[in-house]
Amino acid sequence: MKSNRIIAINGESWCHTLTGIERLAIEVTQYLDELVQENQVELVLPANAENIPKLRNIKVVQLKEEAHFFPKWTQIAFQKYVILHHRISFDYTNTCPFFAPGFEFIHDLYQKLHPADFTSRRDKLIQFYSSLMCRAIAKRSREIFTVSEYTKQTIIDMYHVKPEKIHVVYSGVSGYEKIPVDKSIFDKFPQLKEKPFYFTIGSLSTRKNLKWIAEHASLYPNELFAVSGKPLPSVVPPELEKMKSLPNVIMTGYLSDGEVKAMHASCKAFILPTYFEGFGLPPLEALSCGAKVIISNRTSLPEIYGNCAYYIDPDKANVNLDELLSQKVESPEKILEKFTLKNTAQRIYDVIKSKGLFTES
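In what follows, the accompanying structure is described. (Residues numbered from 1 in each chain as written. Predicted model: local features only at pLDDT ≥ 70, side-chain atom pairs only at ≥ 80, totals over all residues. Heavy atoms only, no water.)

Now for the overall build of the chain. The number of helices and strands found in the chain is 15 helices and 13 strands. In terms of overall dimensions, the chain is globule-like: its C-alpha atoms have a radius of gyration of 21 Å, near the 21 Å expected for 361 residues. If one aligns the C-alpha atoms of the chain with their principal axes, the spans along those axes are about 65 × 40 × 40 Å. Looking at the chain residue by residue over its 361 residues, the buried ones come to 55%. When the accessible area of the chain is evaluated, it comes to approximately 17000 Å², of which 52% is carbon and sulfur surface. Side-chain charges of the chain comprise 44 positive and 41 negative groups, with the mean position of each set lying 4 Å from the other. (Helix = DSSP H or I, 4+ residues; strand = E, 2+ residues; numbered from the N terminus. Rg over C-alpha atoms; globule rule 2.2 N^0.38 Å. Buried < 20%, exposed > 50% of the residue type's maximum accessible area, 1.4 Å probe, protein only. Areas by Shrake-Rupley, 256 points an atom, 1.4 Å probe, with all protein chains shown as cover. Lys, Arg positive; Asp, Glu negative; His and termini not counted. Charge placed at Lys NZ, Arg CZ, Asp CG, Glu CD.)

Tracing the chain through its elements places Glu 50 in the loop between β2 (41-45) and β3 (59-62). Given the relative accessible area of 55%, Glu 50 is considered exposed. Taking the C-alpha atoms as reference, Glu 50 lies 33 Å from Cys 267; in sequence the two are 217 residues apart.

The next point concerns the sheet that holds β2. The parallel open sheet is built from 7 strands, whose spatial order is β3-β2-β1-β4-β5-β6-β7. Of all strands in the sheet, those with a lone pairing partner are β3 and β7 (166-168), marking the two edges. Each strand axis lies, on average, 25 degrees off the axis of its neighbour in the sheet, ignoring direction. In this structure, β2 lies alongside β3, joined through 4 bridges in parallel fashion. Note that in β3 the partner of Leu 45 across the bridge is Gln 62. (Pairing = 2+ DSSP bridges. Axes fitted to C-alpha atoms, helices over the stretch in contact; angles between N-to-C directions.)

Attention now goes to the sheet that holds strand β9 (residues 224-228). In spatial order, the strands read β10-β9-β8-β11-β12-β13; together these 6 strands make up an open sheet with parallel pairing. The sheet is open, and its two edges are formed by β10 (249-253) and β13 (310-312), each paired on a single side. Strand-to-strand twist of the sheet, defined as the mean angle between neighbouring strand axes without regard to direction, takes the value 25 degrees. Alignment of strand β8 (residues 197-201) against β9, held across 5 bridges, turns out to be parallel. Residue pairing for β9: Tyr 198 is matched across the bridge by Phe 225. The sheet contacts of helix α8 (residues 210-219) involve β9, β10, β11 (269-272) and β13, and relative to β9 the element is tilted by about 160 degrees. (Contact = heavy atoms within 4.5 Å.)

Let us look at the packing of helix α1 (residues 20-35) against helix α15 (residues 341-354). Between α1 and α15, the shortest axis-to-axis distance is 8 Å and the interhelical angle comes to 60 degrees. One way to sum up the angle between α1 and α15 is to call them oblique. Considering how the two elements wind past one another, α1 and α15 form a crossing that is right-handed. Contacts between α1 and α15 involve Arg 23, Leu 24, Glu 27, Val 28, Tyr 31, Leu 32 and Leu 35 from the first element and Leu 341, Lys 342, Thr 344, Ala 345, Gln 346, Ile 348 and Tyr 349 from the second. (Parallel < 35°, antiparallel > 145°, perpendicular 65-115°, else oblique. Left-handed = near helix turned anticlockwise from the far one by under 90°.)

On to the pairing of β2, then. Across the 5 residues that make up β2, a large majority, 5, are buried. Both faces of β2 are covered, namely the face carrying Val 41, Leu 43 and Leu 45 and the face carrying Glu 42 and Val 44. Two elements, strand β1 (residues 7-10) and β2, share 4 bridges in a ladder whose sense is parallel. Within β2, the position partnered with Asn 10 by the bridge is Val 44. Handedness of the β-α-β unit built from β1, α1 and β2 comes out right-handed. (Right-handed = clockwise from strand over helix to strand, strands pointing away.)

Helix length check: α15 (14 residues) gives 20 Å between terminal C-alpha atoms against 20 Å at 1.5 Å per residue, within 8%. Lining the buried residues of α15 we find β1, α1, β4 (88-91), β5 (103-105), β6 (143-146) and β7. Within two residues after α15, Gly 356 carries a phi angle of roughly 95 degrees, on the positive side. (Expected span 1.5 Å × (residues − 1).)

Okay, the pattern of salt bridges next. With the rule as written, the count across this model stands at 10 salt bridges. The closest approach of N and O atoms between Glu 277 and Lys 208, which form a salt bridge, is 2.7 Å. On the criterion of sequence distance, the pair formed by Glu 277 in the loop between β11 and α11 (282-288) and Lys 208 in the loop between β8 and α8 is long-range, its members being 69 residues apart. On the basis of relative accessibility, which here comes to 14%, the residue Lys 208 falls in the buried class. Measuring nitrogen to oxygen at the nearest pair gives 3.2 Å for the salt bridge that ties Arg 298 to Asp 313. Here Asp 313 lies in the loop between β13 and α13 (321-325) and Arg 298 lies in the loop between β12 (293-296) and α12 (301-305), a separation of 15 residues in the sequence. (Salt bridge = Lys/Arg side-chain N within 4 Å of Asp/Glu carboxyl O.)

What follows is the structure, given as structure tokens:
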């Protein structure tokens, strides 16, 4: 069935700190701009959007309303625009206009599978809203995009969605090579120049499993760890305090992209002991910089990284990392070619076109 209705991309990602999902939204939109024709797609931005892109085929629409914490932008301003202008919504961020879901992403179902990780009042509100959104997407959206076969199967099991409604488009790295390396990080932390170190990055949330790092660092005091990221309310305070007290753990705080690339290029290995990932982008970025990666053997990670990574059990911290790294793994060349955001955009475009949209005018 052909349709001339315009797809409206929810531009809330242009108002947030750049994390994996925001990068995906921004870069995939730029690649989609090269694939679509005029009058097929709009990017609908809040008034406080930053770094507004210059697009050739995708029309940029900026509304008067701003986007801040929680659902006001999506559920009022963006939803009103979609309904009044007869648009089809497209959301990258596990959310949708509740009464008008269209083409929607579910990156993972962490909030449903691990509700006990949400402890504060604020976190519980986030957990409730995220669960509400994922259920609305699962039950009433046109089509669902997700980033791994693991997450697809989880959606099917949790919400009994027909498999053909869910499309695995994966995430990926694109444009990362253009970011200049910033070695000033080693002036801030000269210890990192003095001996080999392991590096990890991500929001310092419960699922990133700081407990593993803390326990392992205690067992192996001669190994050095650099941990980057911002603390979040869902972090268990004793874990964070223990990390800060260990002499062989350096808490770097937030690092710029250039500083992260410098750390990837210099570390003994990038390590991610997380117990839950819908895709797991940081190890892919590390591989693109030439780093070895040591990752958890849980959820989506073995699917994504195959034989290119060294695997650990996130529940067992007593492991000899030198011995582990002495094993042979495959070159990451094939997965770096497969998992790019340009490929993500192409898969999204193909799915939407197959549903009768993006017809030639």
